[in-house]
Amino acid sequence: MVPITHYLMLSAILFALGALGVLINRNIISMFMCVELMLNAVNLAFIAFSRFLNQVDGQIFVFFVMIVAAAEAAVGLALIVLFFRDKSTLDVDQANSLKW
Amino acid sequence: MPYNFENGFWVLILFPLLGAAVNGLMGKRFPAGMVALIACFMSGLSFLVAFGTFLQFSNLPGESRVLSKHLFTWIESGNFVASFGLLLDPLSMVMILIITGVGFLIHVYSTRYMREHPGFYRYFAYLNLFIFMMSVLALADNYLMMFIGWEGVGLCSYLLIGYYFDRKSAGDAAKKAFIVNRVGDAGFILGVLLIFRTFQSVEFIPVFEQVVRRFPEAEASFGILSAIALLLFVGAIGKSAQIPLYVWLPDAMEGPTPVSALIHAATMVTAGVYLTARSAALYSRTPEVLALVASIGAITALFAALIATVQTDIKRVLAYSTVSQLGYMFIAVGVGAFGAGIFHLFTHAFFKALLFLGAGSVILALHHEQNLFKMGGLRRYLPITSLTMWIGTLAISGIPPFAGFFSKDEILAKAYESPLGSPLLWALGLVAAGLTAFYMFRLMFLTFHGRGHHEKHPPREDSNSVSIPLLFLALFSLIAGWIGLPPYLGINRFEHFLEPSFRYQYQHGASETAHTSELLLASVTILAAVLGIAVSYLLYVRKPGTSGKLASRFPSVYRILERKFYVDEIYDFLVVHPLYRLAVRTLWRTIDVRLIDGTVNGTGSFFQAWGHLLKRIQAGYARIYASWVLWGALLVILYCYFSLA
Amino acid sequence: MEHVVFYFFAGVSVIAALTVVFQSTAIYGVLSLIVCFGAMAVLFFQLGAHFLAAIQVIVYAGAIMVLFLFVTMLLDPESERFPSNRLVKTTILALPVAAFLALLLLQALAESWPTLDVGQEQTGRIETIAAYLFRDYLLPFEITSILVLAAIVGAVVLVKRSD
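Notes on the structure follow. (Residues numbered from 1 in each chain as written. Chains lettered and ligands numbered in written order. Predicted model: local features only at pLDDT ≥ 70, side-chain atom pairs only at ≥ 80, totals over all residues. Heavy atoms only, no water.)

## Here we look at the overall build of chain A
Right, on to step 1. Looking only at helices and strands, chain A features 3 helices and 0 strands.
Right, on to step 2. Each helix and strand of chain A, ordered N terminal to C terminal, gives the series α-α-α.
Right, on to step 3. Counting the 100 residues in chain A, one finds 66% classified as buried.
Right, on to step 4. Sequence separation of at least 24 residues holds for 56% of the intrachain contacts in chain A that already meet a minimum separation of 6.
Right, on to step 5. For chain A, the exposed area adds up to about 3300 Å²; of that, 68% sits on carbon and sulfur atoms. (Helix = DSSP H or I, 4+ residues; strand = E, 2+ residues; numbered from the N terminus. Buried < 20%, exposed > 50% of the residue type's maximum accessible area, 1.4 Å probe, protein only. Contact = heavy atoms within 4.5 Å. Areas by Shrake-Rupley, 256 points an atom, 1.4 Å probe, with all protein chains shown as cover.)

Here's what the structure looks like:
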C-alpha cells in the first residue's frame, strides 16, 4: 500500500511547481495554466485525505473546486482575450498601469 | 385704532431686518434707486410703527406703561432661561423713537450722500441691519438679548467704519473700533454672568425685583452689586467711548459721514448710557461705582472738549464733541439722575446728528475736503446747511431756548445738588460747557464765516434729500428740550414719562433745592457758554491770527492738545506694542511656525517618507504581487507549523 | 503493483508539470497540462475516487483544457516569443517557493504517517457521491450553479465587442 505521505509529497511538489510557474512565466496563459496546476495539486491532497479519513466530504470539495475552476477558466480566459485586444501582447508585465 | 400696537409693536424690528436681508442678498442686482427705496421704506415703516406705538403707549396710565412680548425661548438649559422677548417701557420707547426716527432721516440723507459710492446696496444693507440690531438692544427684555444687540451694533459699526475698505486708514479704524470694543464687551458679558450667578436670571424685571427685595439699602462697601455694576460699566465705557476706551471713536470718523451721525453720535455710542440707565436698580444701590461713573464722565467731558479745541478736521471736532457730550450723560447717571442722562441722550441725538449731517453737506459741497482751515465763507453758498448747523451749534452750546440748554442745565444742576453730586463735578462740567461753546463756534466761524476761496467753483447746496433731514433735525434741536422744562419754568414731562422705568431705583435722600439757586446755576451755565462764544469770536473773527500766535506762544500746550494728550501713543507703547511683539515673536514665529506647523508638516513628511519607501512594493507587476501573496502564505504556514509543533 | 502504478504516474505528472512551468511555447504547455491531468486522474482512480477521476478526464482535460487550447490558438502567441525570464527579480521571487517546498517536504518526511487504510473502496462510488451531493451539500451545489451561470454571462459580456 502506498503511504499517504507519498501522495502528499506529490501534491506538494506539484503545488510548488505551479507556484513557481506563476512567478516565472511572463506569458499570461502559461501563468493561468500554472494556477490550474496548483488547484489540481490541492485536489490530490483532498482525495488522499478523503481516503485516509474514510470520508466522502473531501471528494465533494474536489467536485466544488472543479466547478469553480471551470467558472474561473471561463472568466479568466475572457479577461485574457480582452487584455490581448487592449495591449496586443500576452506579456503580463505590460499590465502595470495600476500602481503609484 | 385699526392696529393694536400694544401687542404688535414687536414687528418694528422685523422691517429693517427684512430690508437688510433683501438688500444684502439681492441688492447687487437692483438699481441704486430701488435699493435706496427699499432701505428707506423699511426704516420709515419701522418708525411709523414706533410712532403709532408711542401714541397708544402715552395714552396708557403711567403704571401700566410696561409692555412685554415674549417671541420665543432662545436658550433653555437647566434653570437658565433666556427668552427672545421684547420689553417696551418708557425708557426703551424713547430709545426706539430716536433710533427709528433719526435712523429714517439719515437713511433719506444717505440716498444722496452715498450716491456716487460703489457698493451702495452694501451700505444700505448694513444700515438697515444696524437699525435692527439697535432696536434689539433697546427692546431686549433680558441682558443676554441686549448683549446680542450690543454685539450686533458693534459689528455694524465695524462694517460701516471700514466701508471704504480700499483705504488702509478705514480698515485700521474699523479694527481699532472692534478691538477696543471687545475690551468693554468682555466686561459686559462677565457682568451678565455674574448677574445670573447672583440672581439666577438674566431678565430685567425679575432681576430688578430681586435686587429690591434682597438689597433694600444701598451697598455700604464694595459688594456683589458693585462688582456687577462695575463690570457692566466697563462695557458701557467701551461702547460709549469714555476714558480710557474712547480712542476708537475719533478714528471711527473714517466711515461715511451719515454713519458717523447715526451710529457714532446719535444711537450706538449712547448704548452705554442706556445700559447704565436700564440697570438703574443696580447702580443706584452702589454709590461707589456711581461716583466712579460720574468722575469718568466728568473727566472725559473735559478732556475730550480740550482736545476738540485744536482739531482741524471738521469730523474729528464733532467726534471729540460726541465723546465730551457722552461724558455729560455719564455725569448725569453717575449722580443718580438717570432721567437727566437719558434726556441729554435724547436731545443730543438730534443736534449731534444734525451737526454731523451738516458737516457731511459741507464735505459733499467741497468735494471731500475736511480741513477746517481750508473752508470759510460758506455761509453764502450753503444757506440751509449754515442755518441748520447754527441751530445745532446753539443747541449743543446750551443757549436757551434750544434743546441742549435744557438737558445740559439739568445735568449740571443735578451734579451740583444731588446727594451723590459735588461742586467739583459741577465745576468740571461747567468748564467743559464753556469749552464746548468755544470749539463749536470755532468750527462754525471757520467753516461758514471769514473769507473763502470758492469763487472758481462755487459750492452749492445739494438736493432735497440732504436739506430735508437737516431741517427736520434742526426743528427738533430747537424744540426737543421743551418737553423737559426745569422746575422754575414748568413741568419736566420727559422725566415724568420715564418714571415707570426707574421704579426700582433706590432714592438717595431728597434733592429739594430752591428755585432761586437753580436759576443761579442756569445763569452760570449760560454765562460759561457765552464766555466760550466770546473767546471764540475774539480769536477767529475779530483777530483771526490770534489763535496761531497763542499756539506759538505755548507750543508745548498746543502740541499736547494737538496730539490728543499722546493717548494713542501711550496705548501703542503700553498695550499694542507688547501684544504685537508677543504675537509675532512668541505666538507666531515660535509656537505657530515651529511647533504647530512643525507638527503638522512633520506628520505629513513622516508619512510621505514612509510612503516613498513602501510604494516600491506596489510596482505594478502582477508577478511581484503574487510573490507577496506567497510570502504571506509561507508566514502563515510557518506560524502554524511552529505553534502546533 | 500499486507502487509501480503510483510511481509511474506520479513521475509522469511531475515531468508534465515541469514542462508546463518551463516551456517556451504556450501550446506545449497546454498539451503537457492535459497529460499531467490524465496522470492525476489515474491517481484519483487508485485512491478510489472513481467519479472524480472520470470528471477529471471529461471536464478538466476534456472541456477546460480545450478552452485553453482554443484561446491559445486564437491569440496566436507564436508571434510573440517570451525570453524565458532572466530578471534577477524572478530568482528572488522564486525563493519563497523553494523554501515553501522544502518546508513541506521536511515536514512530510519528519513525521511517520500511517499507511492508507485499504478496503474502504466504496467511498468514491457515484451513488455515494450523489447521496452526499444531493442531500448534505444540496445548497452549496445549487449555489455553484448560480456561480457557473454568472461566469457564463460574465465571459459573454466581457468578450463581446461593443462595436
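There is more to say, and it comes next.
## Observations concerning the interface of chain B and chain A
Reports of interface size often rely on the accessible area that becomes lost once the parts have come together.
Right, on to step 1. On the chain A side, the residues contacting the 12 residues of chain B number 14 residues.
Right, on to step 2. Together chain B and chain A conceal approximately 1100 Å² of surface at their shared face, both sides included; 61% is due to carbon and sulfur atoms.
Right, on to step 3. Here chain B and chain A share 0 salt bridges between them.
Right, on to step 4. Counting across the interface, chain B meets chain A through 0 residue pairs in polar contact (both at pLDDT 80 or more).
Right, on to step 5. Counted by class, the side of chain B that touches chain A contains 6 nonpolar, 3 polar and 3 charged residues. (Buried area = accessible area lost by both parts, 1.4 Å probe. Salt bridge = Lys/Arg side-chain N within 4 Å of Asp/Glu carboxyl O. Polar contact = N/O pair within 3.5 Å; in protein donor to acceptor, adjacent residues only side chain to side chain. Nonpolar A, V, L, I, M, F, W, Y, C, P; charged D, E, K, R; others polar.)

## Thoughts on the packing of helix 4 (residues 90-113) of chain B against helix 20 (residues 464-479) of chain B
Residues and elements named next belong to chain B.
Right, on to step 1. Two elements in contact, helix 4 and helix 20, have axes separated by 7 Å at closest approach and are oriented at 155 degrees. The orientation of helix 4 with respect to helix 20, classified from their angle, is roughly antiparallel. For the element pair helix 4 and helix 20, the recorded crossing hand is left-handed. Here helix 4 contributes L105, V108, Y109, T111 and R112 to the contact with helix 20, which in turn contributes S465, V466, P469, F472 and L473.
Right, on to step 2. Among the residues making up the contact of helix 4 with helix 20, the classes are represented as 7 nonpolar, 2 polar and 1 charged. (Axes fitted to C-alpha atoms, helices over the stretch in contact; angles between N-to-C directions. Parallel < 35°, antiparallel > 145°, perpendicular 65-115°, else oblique. Left-handed = near helix turned anticlockwise from the far one by under 90°.)

## Some words on the interface of chain A and chain C
Right, on to step 1. Listed as interface residues are 71 residues of chain A and, on the opposing side, 81 residues of chain C.
Right, on to step 2. Between chain A and chain C, roughly 7300 Å² of surface is buried when both sides are summed, and carbon and sulfur atoms account for 78% of that area.
Right, on to step 3. The interface formed by chain A and chain C holds 0 salt bridges in total.
Right, on to step 4. Taken together, the connections running from chain A to chain C amount to 9 residue pairs in polar contact (both at pLDDT 80 or more).
Right, on to step 5. In terms of residue count, helix 3 (residues 57-87) of chain A provides more of the side of chain A that touches chain C than any other element does, 24 residues in total.
Right, on to step 6. Tallied by class, residues from the side of chain A that touches chain C come to 53 nonpolar, 11 polar and 7 charged.

## Section: the packing of aromatic side chains
Right, on to step 1. Summed over the entire model, instances satisfying the criterion amount to 45 aromatic pairs over all chains.
Right, on to step 2. Summarising the aromatic geometry, the rings of F47 of chain B and F51 of chain B are spaced 5.9 Å apart at their centres and angled 35 degrees between planes, so their arrangement reads as tilted. Within this pair, F47 of chain B and its partner F51 of chain B are both found in helix 3 (residues 32-59), separated by 4 residues, close to a single helical turn.
Right, on to step 3. Among the residues examined, F47 of chain B registers a relative accessible area of 24% and is labelled partly exposed.
Right, on to step 4. For F51 of chain B, a relative accessible area of 37% translates into the label partly exposed.
Right, on to step 5. For the pair F350 of chain B and F476 of chain B, a centre-to-centre distance of 5.0 Å together with 20 degrees between the ring planes defines the contact as stacked. Of this pair, F350 of chain B sits in helix 16 (residues 338-365) while F476 of chain B sits in helix 20, and the two are 126 residues apart along the sequence.
Right, on to step 6. Grouped by ring-pair contacts, the aromatic residues F46, F61, F63 and F64 of chain A together with F51, F134, Y137 and F141 of chain C constitute a single cluster.
Right, on to step 7. In this structure, R182 of chain B is placed above the aromatic ring of F178 of chain B, and the distance from its NZ or CZ to the ring centre is 4.2 Å. (Phe/Tyr/Trp six-rings, centres within 6.5 Å; stacked < 30°, edge-to-face > 60°. Lys NZ or Arg CZ within 6 Å of the ring centre and 35° of its normal.)

## Details of a nonpolar patch on the surface
All names here are of chain B.
Right, on to step 1. Where nonpolar side chains cluster on the molecular surface, the patch consists of I570, F573, L574, V575, V576, L579, L582, L587, I591, L595, I596 and V600 and spans about 1100 Å² of accessible area.
Right, on to step 2. Mapped onto the fold, L587 is located in helix 25 (residues 567-614).
Right, on to step 3. A relative accessible area of 44% means that L587 is categorised as partly exposed. (Patch = residues over 30% accessible without salt bridge, like charges linked within 9 Å, V, L, I, M, F, W, Y side chains within 5 Å.)

## Side note on the pattern of salt bridges
Right, on to step 1. This structure, assessed with the given rule, holds 13 salt bridges over all chains.
Right, on to step 2. Notably, a salt bridge pairs R26 of chain A with D91 of chain A, separated by 2.9 Å at the nearest N-O pair. One end of the pair, R26 of chain A, is in the loop between helix 1 (4-24) and helix 2 (28-53); the other, D91 of chain A, is in the segment after helix 3, with 65 residues separating them in the sequence.
Right, on to step 3. Of the residues examined, R26 of chain A reaches a relative accessible area of 22% and is grouped as partly exposed.
Right, on to step 4. For the salt bridge of K414 of chain B with E410 of chain B, the shortest nitrogen-to-oxygen distance reads 3.4 Å. Of the two residues, K414 of chain B and E410 of chain B are both situated in helix 18 (residues 403-417); the distance of 4 residues between them amounts to about one turn of the helix.
Right, on to step 5. Salt bridges linked by common partners bring K176, D251, R316 and D568 of chain B together as one network.

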